[in-house]
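# Structure at a glance
Spelled out, the chains give:
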Amino acid sequence: MRKLNLKNKVFIVVFSLIILGIIGLLVYAVKLVGNKGKEVYAVTSNTVLFANDSNQIDTKNGGRIEKKWSGDYYFLASNQDTYKLGKSSVVYETSNDTLTIFGDNYQVFKDGNVAKLKDSATINDLSVPYFYKLEDRVYLIVADEIYNEDKSIFANKYLLIYIDKQGNASVLNDVLNIKTINPMILYFGNFTFDIANEKLIVDEKSIDLKAIIGSTNEYVVPEKEEDVLNFDSNKLIESYNELVNDFNQYASNNKIKSYANNQVIQNNNTVINNNTTNNGETIINNNGGVSNSSSNNAVQAKNKTNLVKRVSLRGSISYPTFIDVSYIVTDPENKYQAVYLLVTGEINGEVATQKIILDKYDTKYRIVGLATNSEYSISLGYIEVVKDEDTGEKSLVDNIEDVINVRTTKTKYALKIEKISNGYVYFNYKMTSDYAFESGKIVLYAGGNMLDEVLIDTEAIKSEKGFEGRLKLEQSNLYEIRVEEAVYNGKNVNDRIVKSFAIPMP
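All residue numbers refer to positions counted from 1 along the written sequence of the respective chain. Local features in this predicted model are restricted to residues whose pLDDT is 70 or higher, and side-chain atom pairs enter the listing and the counts only when it is 80 or higher, whereas totals over whole chains, interfaces and linings include all residues. Based on all heavy atoms of the structure, the side-chain values leave hydrogens and waters out of the count.

A pairing counts as a salt bridge when a side-chain nitrogen of Lys or Arg comes within 4 Å of a carboxyl oxygen of Asp or Glu. This structure, assessed with the given rule, holds 20 salt bridges. Between E459 and K462 there is a salt bridge; the shortest N-O distance is 3.8 Å. The exposure class assigned to E459 is exposed, which follows from its relative accessible area of 56%. The salt bridge involving E480 is made with R482; its shortest N-O contact spans 2.9 Å. A relative accessible area of 22% means that E480 is categorised as partly exposed. It is possible to trace a salt-bridge network through shared partners that takes in R64, E66 and K68. Relative accessibility thresholds used throughout: buried, under 20% of the residue-type maximum; exposed, over 50%; partly exposed, between the two (1.4 Å probe, protein chains only).

This is how it looks when you write it as structure tokens:
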């Protein structure tokens, strides 16, 4: 066997040291990155947590937020559930009014300067106006008051804005969840935020927010079409006389006479004004200026006003089992025979499409019987009378005008075990005043068997103290408290509300 000379031995030793050094560096790097990824933020039931896709994450069981090697943030719940939050996330602590932004973000100042904030930023005073761009088409406003022009949207402390590629906005915080489908402007402090155009206006200075990391917003300001006013005297006369005939018929049937402005509308389609008549013809004096006489000398009108009609969805507000929809109908000529909503999703426990006829003279409608945390497609349509210009025939046309996708929220509640004593488990149950069950019961289970139950005090659950009660225990080591037979707005709510606990064996 050949012996290694001194030179070879030195080479092997040096090579081994290099290999060990590389391994050591790799171990150190992995440990360093791992420790960085293991940086955690504790989450309690007082934490409101938003992912970068506008979803509000359920934090009732508590847990922690961690950043992984990929740069994405994750929420690891205490019950082992894991939620991906994305590259950015917003956390609101209700106990101390603190807002924390996770992920790189950009703060925009009044003078147009932009500061890039790495990893995270914490805001302790929510009464001072701040404005942040978190990601492409994702923004955060902080202020004591945030509102749109008619104040149909009004928020305190903070508001998250998510913009789709068509310029429509979803605005939300811990009490609001509104989807809009028309361009909207928000006001806060000295700031004005033009959402669809992604512009921030401060003291008449316009800041282009698309210039910050770019934007995939495809919204284009629609060009205004110039109205062309066409006047047709014959059609005007026909329209006016038809109106008079209709009113005369109504007056005849109801024995009504009008003495306003010294006018009397008679059954022979004659307008008598200041003792001037023309039998068989319709005449309007100088106040009206229209005649159907052969001379047609009274026709002095030079233009015709086009009456505008439209239907439009203005937005929606989501709750656990219902959605409030805001709409507007403008129909001066009463051409819309019906205005309706088409709602597609899980309704009353079944996936279906429901057609809802709306009141043309109202502006809001509540869609009920929905499932919690579920997606719905809502369309606004109308049925219109259309007259063929050539044949004069009238027909009904059914059109869909607006479509939005909306998700119901998760049920907000707090179910806590207060103590276990003398063979009873004592609990406390709370719900928010804007969504609280009308009836239901709290049931205790062990091993799949029901042990005890109490009816919910529906007034107490909305109070600051909450509904306090007790359930009788039997020998077991694992128990579940469930909310069952819950009813809201007269309909059953299939919402899983469960609290598990264990009693160690003696």
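This brings us to the pairing of strand β15 (residues 169–172). Residues of β15 alternate between two faces, with A169 and V171 on one and S170 and L172 on the opposite face, all of them buried. Pairing between strands requires that DSSP locate at least two bridges from one strand to the other. Numbered from the N terminus, helices here are DSSP runs of H or I no shorter than four residues, and strands are runs of E no shorter than two. Direction of pairing for strand β14 (residues 154–163) relative to β15: antiparallel, over a ladder of 4 bridges. Bridge pairing in β15 links L160 to L172. In textbook terms, the turn of a hairpin is the stretch between consecutive antiparallel strands, and for β14 and β15 this stretch comprises 5 residues, one of which, G167, has a positive phi near 90 degrees.

Turning to the packing of aromatic side chains, a few remarks are in order. Here a pair means two rings of Phe, Tyr or Trp (six-membered ring of Trp) with centres within 6.5 Å. Their orientation is stacked below 30 degrees between planes, edge-to-face above 60, and tilted elsewhere. The full count for this structure, using the stated rule, is 23 aromatic pairs. Seen from their ring centres, Y73 and F102 are 5.5 Å apart, and the 55 degrees between their planes marks the pair as tilted. Residue Y73 is located in strand β5 (residues 73–77), and its partner F102 is located in strand β8 (residues 98–102); the two are separated by 29 residues in the primary sequence. Each member of the pair, Y73 as well as F102, is classed as buried. Ring geometry for Y413 against Y429: centres 6.4 Å apart, planes inclined by 50 degrees, an arrangement best described as tilted.

Time to look at the nonpolar core. Take the buried Ala, Val, Leu, Ile, Met, Phe, Trp, Tyr and Cys residues and link them wherever side-chain atoms come within 4.5 Å; each set so joined is a nonpolar core. Y429, M431, F437, I442, L444, I481 and V483 are the most contacted members of the largest nonpolar core, which has 29 residues in total. Looking at this core, the elements with two or more residues in it are β30 (413–421), β31 (424–431), β32 (439–446), β34 (467–472) and β35 (478–488). With 5 residues, the top contributor of residues to this core is β35. What Y429 contacts, discounting residues up to four positions off in sequence, is Y413, A414, L415, F437, I442, I456, I461, G466, F467, V483 and I497. By size, the runner-up hydrophobic cluster in this structure holds 27 residues, among which are Y139, A169, L176 and I178. Only heavy atoms enter the contact rule, under which two residues are in contact if any of them lie within 4.5 Å.

In this section: the environment of D194. You can see D194 is positioned in strand β18 (residues 191–194). Taking the C-alpha atoms as reference, D194 lies 8.0 Å from P183; in sequence the two are 11 residues apart. Dropping the residues within four chain positions of it, D194 is found in contact with M184, I185 and K199.

This part is about the confidence of the model for the chain. Residue-level pLDDT values for the chain average 80, and 78% of them are 70 or greater. A residue's pLDDT is the predictor's confidence in that residue, given on a scale from 0 to 100. Low confidence marks residues 254–305, where pLDDT is under 50. Its contacts with residues over four positions away, or in another chain, come to 74 contacts.

Neighbouring strands of a sheet are bound in pairs by backbone hydrogen bonds; such pairs are parallel or else antiparallel. Strand order across the open sheet formed by 3 strands is β30-β31-β34, with antiparallel pairing between neighbours. Each end of this open sheet is capped by a strand with a single partner; those strands are β30 and β34. Across the sheet, the mean angle from the axis of one strand to that of its neighbour is 25 degrees, orientation sign disregarded. Relative to β34, β31 runs antiparallel, the two sharing 6 bridges. Of the residues in β34, the one forming a bridge with Y426 is R470. Here, axes are lines fitted to C-alpha atoms. For helices the fit covers the stretch in contact, and angles between N-to-C directions go from 0 to 180 degrees.

Buried and open spaces are told apart on a 1 Å grid over the protein atoms alone, a cavity being a set of points where a 1.4 Å probe fits but cannot get out and a pocket being an open set with protein on both sides within 12 Å along at least five of seven lines. Residues with an atom within 4 Å of a point are the lining residues. Grid points are joined across faces, edges and corners, and a volume is the space filled by probe spheres set on the points. Overall, the coordinates contain 1 cavity of 30 Å³ or more when judged by the stated rule. Computed from the structure, the largest cavity encloses a volume of approximately 30 Å³. Forming the walls of the largest cavity are F50, A51, N52, S88, S89, V90, L134, V138 and Y162. Under the scheme applied here, ten amino acids are nonpolar (Ala, Val, Leu, Ile, Met, Phe, Trp, Tyr, Cys and Pro), four are charged (Asp, Glu, Lys and Arg), and all others, including Gly, are polar. Tallied by class, residues from the lining of the largest cavity come to 6 nonpolar, 3 polar and no charged.

So, about unusual backbone geometry. In terms of backbone geometry, most residues other than glycine have negative phi values and most peptide bonds are trans. At D203, a position not held by glycine, the phi torsion is positive, near 50 degrees. Mapped onto the elements of the fold, D203 is located in the loop between β19 (199–202) and β20 (205–208). Classification of D203 by relative accessible area gives exposed; the value is 62%. Non-glycine residue E204 carries a positive phi angle of around 70 degrees.

To continue, consider the sheet that holds β5. The strand order across the open sheet built from 4 strands is β1-β4-β5-β6, with neighbouring strands paired in antiparallel fashion. Bordering the open sheet on either side are β1 (40–43) and β6 (82–86), each of which pairs with just one other strand. Taking the axes of each pair of neighbouring strands and ignoring which way they run, one obtains an average angle of 25 degrees across the sheet. As defined by bridge partners, strand β4 (residues 63–67) adjoins β5 across 5 bridges and the pair is classed as antiparallel. Paired with E66 across the bridge in β5 is Y74.

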